[in-house]
2 protein chains.
Amino acid sequence: MNPTELEKKILDTAERLFLEKGFNGTSTTDIARAVGCNQALVHYYYRTKEKLFSDIYMQKIEQFLNYANLYKYDGDFYGFVNQMVCAYFDFLNTHRQLPFFIINELALNKDRRCQIKDIVVQNQQKQEIYYSVDKIIQDEIKKGTIKPIETFDLLINCLSLVAMTFLTLPMVTDFLQKTPEQVDQYLENRKKEIMTSILCRLKPEQTI
Amino acid sequence: MNPTELEKKILDTAERLFLEKGFNGTSTTDIARAVGCNQALVHYYYRTKEKLFSDIYMQKIEQFLNYANLYKYDGDFYGFVNQMVCAYFDFLNTHRQLPFFIINELALNKDRRCQIKDIVVQNQQKQEIYYSVDKIIQDEIKKGTIKPIETFDLLINCLSLVAMTFLTLPMVTDFLQKTPEQVDQYLENRKKEIMTSILCRLKPEQTI
DNA sequence: GGCGTATTTAATAAGTATATTAAACAAGAT
DNA sequence: ATCTTGTTTAATATACTTATTAAATACGCC
């Protein structure tokens, strides 16, 4: 095997196993076995399991956050929301284990919460995005094009509906014994329903 | 200590630790230490860690499912939905770790999914509840009192919004450094917002 | 070919986890 | 007082975990 090729393979395999089984559920021996190399090699390249996991976790958090990029706002608020939510849904659809992976570790590990806090809260760029979205929303509310809502609530609503779709997907798949095609169909339906729900929440009532 | 009192104390302590740290994150030694007894005693009463966990997990699943009891339907559909969702929210508010506990284990452990499947899917009583709710909803849709929606989608929407509130609560608390009072306030707000969202999804548009 | 460096492995230390066993202990019955 | 039964502990077997170390291997370079 090409030198340093194993280093990459260890990282990829670790990522796959950690996503599947979490930190506690995956041993460096498991990783080595899956790679087909000696267990010491995992430590040679990454020194500790914690460091290996941490590298992967941070990268996944970044990936998760960075996807929340601001799309161009051309004045069509409903198109804007639709675009953002669909993009996020499609992104998570290609990374189905991501919501669980992130929540799992944050819920189980208080240290990790502290570690992540600064990245999330004190991220200048994210704050700016939040404030621009906030401004857009509050403007639309003033204009009367959408019903009053807190920006934070809207974001949490969207996150809840989208993320929970993928958090519960293993149950939906296994319990209802869906084929891969049926799963895709189910996800398409959910995406539509989520958009409907969010838009209903925003659309002002027609005055008679 | 009163004989057999320890048996109960082990169960309670195990429940607390499993809820906090999950199956993998809790050892029988941890449990014994927290109880203040010998580690062998845990095995004396429950034989294996798996059996101990399984007993607790099943009981929690039951608790989670059983709370979905049918409230009397007196024809006021919005009151009906409001009552159901609020009851569930309040229930989870007194069992904040429950959603994570359940999802965590179902996501990590395929065996557990199989184990649970029959309880959830082939539960006669739950099926009857599902069908009565389905009937009520489809009737209301025909009457035009609510917008068309799949029963399954409505349930998943409610579950997503309510459960995700508690799945993300540790992050909200830690990241935004909320005091217990502020957390309660936040939860009250979320409950209102969730009700608003769901009712908006259901209310038919006013025709001009 | 031989040297130096990076990669990989075997061996192992040190610790922890689950589970069992046998012995100690407690308390009521005879 | 001893026997019985249930409870609790100490000791331990077995296996597995993380991490380190020293030796083996591979590879480029002189």
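Residues numbered from 1 in each chain as written. Chains lettered and ligands numbered in written order. Predicted model: local features only at pLDDT ≥ 70, side-chain atom pairs only at ≥ 80, totals over all residues. Heavy atoms only, no water.

1. Comments concerning the overall build of chain A
So, step 1. If you tally the helices and strands in chain A, you get eleven helices and zero strands.
So, step 2. Put simply, chain A runs from its N terminus to its C terminus through helices and strands in the order α-α-α-α-α-α-α-α-α-α-α.
So, step 3. Principal-axis analysis of the C-alpha atoms gives chain A an extent of 75 × 45 × 30 Å.
So, step 4. Of all 208 residues assigned to chain A, the portion counted as buried reaches 46%.
So, step 5. Looking at chain A as shown, the accessible area adds up to about 10600 Å², and 54% of this sits on carbon and sulfur atoms. (Helix = DSSP H or I, 4+ residues; strand = E, 2+ residues; numbered from the N terminus. Buried < 20%, exposed > 50% of the residue type's maximum accessible area, 1.4 Å probe, protein only. Areas by Shrake-Rupley, 256 points an atom, 1.4 Å probe, with all protein chains shown as cover.)

2. Here we look at the interface of chain B and chain A
By a widespread convention, an interface's size corresponds to the accessible area lost as its parts come together.
So, step 1. Counting residues at the interface gives 46 residues for chain B and 46 residues for chain A.
So, step 2. Here chain B and chain A share an interface that buries about 4400 Å² over both sides, 66% of which is from carbon and sulfur atoms.
So, step 3. At the boundary of chain B with chain A, the tally comes to eight salt bridges.
So, step 4. Measuring nitrogen to oxygen at the nearest pair gives 2.9 Å for the salt bridge that ties B:Arg201 to A:Glu193. (Contact = heavy atoms within 4.5 Å. Buried area = accessible area lost by both parts, 1.4 Å probe. Salt bridge = Lys/Arg side-chain N within 4 Å of Asp/Glu carboxyl O.)

3. Overview of the side chain of B:Lys191
All names here are of chain B.
So, step 1. Position of Lys 191 among the secondary structure elements: in helix H11 (residues 180-202).
So, step 2. With relative accessibility at 14%, the residue Lys 191 sits in the buried group.
So, step 3. Those residues in contact with Lys 191 that lie beyond four places of it in its chain are Cys 86, Phe 89 and Asp 90.

4. Some remarks on the pattern of salt bridges
So, step 1. The final tally for this structure, using the stated rule, is 30 salt bridges over all chains.
So, step 2. Two residues, A:Arg33 and A:Asp30, come together in a salt bridge whose shortest N-O distance is 3.1 Å. Taken together, the residues span about one helical turn, with A:Arg33 and A:Asp30 both in helix H2 (residues 28-35) at a distance of three residues.
So, step 3. Here A:Asp153 ties to B:Arg190 by a salt bridge, and the two come within 2.7 Å at their closest N and O atoms. One end of the pair, A:Asp153, is in helix H9 (residues 151-167); the other, B:Arg190, is in helix H11, on a second chain. The same class applies to A:Asp153 and to B:Arg190, which are both buried.

5. Brief notes about the domain arrangement of chain A
Residues and elements named next belong to chain A.
So, step 1. As assigned here, chain A comprises domain 1 (1-47) and domain 2 (50-207).
So, step 2. Between the C-alpha centres of domain 1 and domain 2 there is a distance of 30 Å.
So, step 3. Taken together, the contact between domain 1 and domain 2 spans eleven residues of the former and twelve residues of the latter.
So, step 4. Of the roughly 1100 Å² buried between domain 1 and domain 2, counting both surfaces, carbon and sulfur atoms make up 73%.
So, step 5. Contact with domain 2 buries area across many residues of domain 1, yet Leu 19, Phe 23 and Tyr 46 alone supply 52% of it, more than any other trio. (Domains from an automatic or database assignment.)

6. So, the protein's contact with DNA strand C
So, step 1. Of all residues adjacent to DNA strand C, which total 17 residues, the nearest are A:Asn38, A:Tyr45, B:Thr28, B:His43 and B:Lys49.
So, step 2. Close to the protein, within 4 Å, the atoms of DNA strand C are drawn from sugar and phosphate at a rate of 62%.
So, step 3. Within the side chain of B:Gln39, a nitrogen or oxygen atom sits 3.1 Å from a base nitrogen of DNA strand C.
So, step 4. In the model, a phosphate oxygen of DNA strand C is placed 2.8 Å from a nitrogen or oxygen of the B:Lys49 side chain. (Near = heavy atom within 4 Å. Polar contact = N/O pair within 3.5 Å; in protein donor to acceptor, adjacent residues only side chain to side chain.)

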